[in-house]
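# Report on the structure
Each chain, written out:
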Amino acid sequence: MVHRIVETLRDEISAESLRGGSRITGEKQLAAILRVSRSTLREALRILVHEGLLVSRWGVGTFVTDQLPSIVKGRATDVNVPL
């Protein structure tokens, strides 16, 4: 399930449905929308933060990074991160 959430969010970022600098929906609401537990969602978000696609600011929210790597069809081309 975590993998599916990661792929879905990567696709949204790649398609620019989620633009750099934009805030994503809060954990509680996003978990309800995706019908997953918050711990599952948190793990997926943690992976995307680690990959550099998201930035989490405690008490503020989670954002798509302003400095997105070049993404082509869901694959980062200028970073050495397995997607």
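The structure we're discussing is the one just above.
Definitions and cut-offs
Residues numbered from 1 in each chain as written. Predicted model: local features only at pLDDT ≥ 70, side-chain atom pairs only at ≥ 80, totals over all residues. Heavy atoms only, no water. Helix = DSSP H or I, 4+ residues; strand = E, 2+ residues; numbered from the N terminus. Buried < 20%, exposed > 50% of the residue type's maximum accessible area, 1.4 Å probe, protein only. Contact = heavy atoms within 4.5 Å. Areas by Shrake-Rupley, 256 points an atom, 1.4 Å probe, with all protein chains shown as cover. Expected span 1.5 Å × (residues − 1). Arc of directions from axis to C-beta.

If you tally the helices and strands in the chain, you get 3 helices and 4 strands. The secondary structure elements of the chain, listed N-terminal to C-terminal, are α-α-α-β-β-β-β. Taking all 83 residues of the chain together, 31% fall into the buried category. Considering only intrachain contacts with a sequence separation of at least 6, the fraction spanning at least 24 residues in the chain is 54%. Total accessible area on the chain stands at roughly 5600 Å², and carbon and sulfur atoms take up 49% of it.

Further remarks concern helix H3 (residues 38–51). If you check H3, its first and last C-alpha atoms are 20 Å apart, about what 14 residues at 1.5 Å a residue would give, namely 20 Å. Taken as a whole, H3 has its buried residues at Thr 40, Leu 41, Ala 44, Leu 45, Leu 48 and Glu 51. Across the axial projection of H3, the buried residues extend over an arc of 130°, all falling on one side. Of the exposed residues in H3, those oriented more than 90 degrees away from the buried face are Ser 39 and His 50. On the buried face of H3, the contacting elements are helix H1 (2–14), helix H2 (27–34) and strand S1 (54–57). Downstream of H3 by a residue or two, Gly 52 has a phi angle that is positive, lying close to 90°.

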